[in-house]
Amino acid sequence: MAPQSCRVCIKLRMASGSIPNGQSLSESSDYPCMPWFGMDIGGTLTKLVYFEPKDITPDEANEEVEVLRNIRRYLTKNSAYGSTGHRDTHLQMDDVEIGGRRGIIHFIRFPTSEMPNFLALAKSKGMATLITTVCATGGGAYKFEENFANEVNMKLAKYDELDSLIRGMLYVEMNNPMECYYWSNPIEYESCQKERYDFSDPYPFLIVNIGSGVSVLAVYGESSYKRISGTSLGGGTFLGLCCLLTGCNTFEEAIELATKGDNTKVDKLVKDIYGGDYDRFGLPGDLVASSFGHMNSSSKRNEVSKEDLARATLVTITNNIGSIARMCALNEKINKVVFVGNFLRVNPISMKLLAYAMEYWSKGTLKALFLEHEVIIIIIRV
């Protein structure tokens, strides 16, 4: 999957702007014209950011073409676009600087399966008359490259998604000191709450990027990192299984079902096997011993609800991710683990499970960190 989250910093070259590598927009004499967009085209979700300048001079306002004025009005005055496009107003970043301009960053998302409709919308709004190049990352930047060229005459300037991920995270943290947080007292699920975390001295840290699948990065500096692990069991797996098991159609529906469910009716716990705790190895009785372990019994299958199945699916995927993250942290001797990705959008269940897993199994030596922007696409520079 991909929430809104700290996923991508797009290094931007827009419209007629052609800027040498390593030079920021503010340093270039060939200044790119508005509008500025960046895209992360994921396997499940496409995330788009739009930078709305707020420092427009009277001369600029007079020279601004009607098409650009209409695009800005359409994107900023609506929070929904058709039945599947959404602007996440709670993620909006006000009064930030990009390329020497001050303005607002808007975050928009839509299912990648809706790409044909997005391209039709871009064409109908006249975006292609103003933009020749859009910076993009994610697998879809390759998959849909010809579609952009043939249908709206736009080029996609492609950037590595892992480079973009790290730069985006650091950019947002720099612009929002309250961005990073953790869940205090995660072992007490009902009483744990968000606490701010000072991420001003970040290195080294792990990033666990939970999109359709999962990538784990060890980060030692802004340009020093390596991908150390990953798994195909990610947010896309959760949504796909939930659609099969419950008949739901969207990520939001799946999370809502999971919120109301009880995974212990589906999963077999340690106490179901041992009658209580397994003291020798410090395994508590309420720990999941076998995900979906009860479902080999026809009587148990008849007792479970769609909500229970959704919850068990969420717990299964989350526990697997947490286990991989912990092993990676131990191997790399890193004690800060930052979980990002659209899987965490509207999903406090998984965040608290991950916080609990890191705290419990490390005996307090590992901290699970999260970001207010679970997925972030930032327009910065080429």
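For the structure itself, consult the block above.
The structure reproduced in this document is the subject of the present report. Here the structure is a predicted model, which means the values were calculated and not measured.

## As for the sheet that holds strand S18 (residues 367–371)
Thought 1: An order of S11-S10-S18-S17-S12-S13-S14 is seen for the 7 strands of this open sheet, with the pairing classed as mixed. Two strands bound the open sheet, and with one partner strand each, they are strand S11 (193–196) and strand S14 (224–231). The average angle at which neighbouring strand axes cross in this sheet is 30°, direction not considered.
Thought 2: Relative to strand S13 (residues 214–221), strand S12 (residues 205–210) is paired through 6 bridges, and the arrangement is antiparallel. Across the sheet, residue Ile 207 finds its bridge partner in S13, namely Leu 217.
Thought 3: Where helix H12 (residues 348–361) meets the sheet, its contacts fall on strand S10 (180–184), S12, strand S17 (336–340) and S18, and the angle it forms with S18 comes to roughly 155°.

## A closer look at the nonpolar core
Thought 1: Judged by nonpolar contacts, the single largest core of 40 residues is most densely connected at Phe 339 and Phe 370.
Thought 2: The leading source of residues in this core is helix H11 (residues 306–332), at 8 residues.
Thought 3: Each residue touching Phe 339, except ones within four places of it in the same chain, is listed here: Val 208, Ile 210, Ile 321, Ala 325, Leu 344, Leu 354, Met 358, Ala 368, Leu 369, Phe 370 and Leu 371.
Thought 4: Counting residues in each nonpolar core, the second largest holds 39 residues, with Trp 36, Ile 105, Val 134 and Ala 141 among its members.

## Overview of H12
Thought 1: Along its 14 residues, H12 runs 20 Å from first to last C-alpha, staying within 8% of the 20 Å computed at 1.5 Å per residue.
Thought 2: Burial in H12 covers these residues: Ile 349, Ser 350, Met 351, Lys 352, Leu 353, Leu 354, Ala 355, Ala 357 and Met 358.
Thought 3: In this structure, the buried side of H12 is in contact with S10, S12, helix H8 (251–259), H11, S17 and S18.
Thought 4: Residue Lys 363 follows H12 closely and has a positive phi angle near 55°.

## Side note on the packing of helix H3 (residues 115–124) against helix H5 (residues 145–152)
To describe two helices that pack against each other, one gives the angle between their axes and the distance between the axes.
Thought 1: Relative to each other, H3 and H5 sit at 35°, their axes nearing to 10 Å. The handedness of the crossing between H3 and H5 is right-handed. Between H3 and H5, the residues in contact are Met 115, Phe 118, Leu 119 and Lys 123 and Asn 147, Phe 148, Glu 151 and Val 152, respectively.
Thought 2: Partitioning the contact of H3 with H5 into residue classes produces 5 nonpolar, 1 polar and 2 charged.

## A look at the pairing of S17
Thought 1: Within S17, 5 of the 5 residues are buried, which leaves the element mostly enclosed by the surrounding structure.
Thought 2: By the alternation rule, side chains of S17 split into Lys 336, Val 338 and Val 340 and Val 337 and Phe 339, which are all buried.
Thought 3: Pairing geometry for S12 and S17, over 4 bridges, is parallel. If you follow Val 208 over to S17, its bridge partner there is Phe 339.

## Observations regarding the pairing of S18
Thought 1: With 4 of its 5 residues buried, S18 lies for the most part within the structure.
Thought 2: Both S10 and S18 contribute to a ladder of 2 bridges, which runs antiparallel. Following the sheet pairing, Cys 180 is matched in S18 by Leu 371.
Thought 3: Examined bridge by bridge, S17 and S18 share 3 bridges and lie parallel to one another. Across the sheet, residue Lys 336 finds its bridge partner in S18, namely Lys 367.
Thought 4: Regarding the hand of the β-α-β motif, the stretch spanning S17, H12 and S18 is right-handed.

## Notes on the side chain of Thr 76
Thought 1: Within the secondary structure layout, Thr 76 lies in helix H2 (residues 66–77).
Thought 2: The exposure class assigned to Thr 76 is buried, which follows from its relative accessible area of 15%.
Thought 3: At a separation of 2.6 Å, a polar atom in the side chain of Thr 76 contacts the main-chain carbonyl oxygen of Arg 72.

## A few points about the layout of surface pockets
Thought 1: Taken as a whole, the largest pocket encloses approximately 780 Å³ of empty space.
Thought 2: The wall of the largest pocket is formed by 28 residues, among which Leu 287, Val 288, Asn 319, Leu 353 and Tyr 356 lie closest to the centre.
Thought 3: At the level of secondary structure, the elements contributing two or more residues to the lining of the largest pocket comprise strand S16 (288–290), H11 and H12.
Thought 4: Class assignment of the residues belonging to the lining of the largest pocket gives a composition of 15 nonpolar, 9 polar and 4 charged.

How each quantity is defined
- Residues numbered from 1 in each chain as written.
- Predicted model: local features only at pLDDT ≥ 70, side-chain atom pairs only at ≥ 80, totals over all residues.
- Heavy atoms only, no water.
- Pairing = 2+ DSSP bridges.
- Helix = DSSP H or I, 4+ residues; strand = E, 2+ residues; numbered from the N terminus.
- Axes fitted to C-alpha atoms, helices over the stretch in contact; angles between N-to-C directions.
- Contact = heavy atoms within 4.5 Å.
- Core = buried A, V, L, I, M, F, W, Y, C linked by side-chain atoms within 4.5 Å.
- Buried < 20%, exposed > 50% of the residue type's maximum accessible area, 1.4 Å probe, protein only.
- Expected span 1.5 Å × (residues − 1).
- Left-handed = near helix turned anticlockwise from the far one by under 90°.
- Nonpolar A, V, L, I, M, F, W, Y, C, P; charged D, E, K, R; others polar.
- Right-handed = clockwise from strand over helix to strand, strands pointing away.
- Polar contact = N/O pair within 3.5 Å; in protein donor to acceptor, adjacent residues only side chain to side chain.
- 1 Å grid on protein atoms, 1.4 Å probe; cavity = no way out; pocket = protein on both sides within 12 Å on 5 of 7 lines; lining within 4 Å.
- Points joined across faces, edges and corners; volume = space filled by probe spheres on them.

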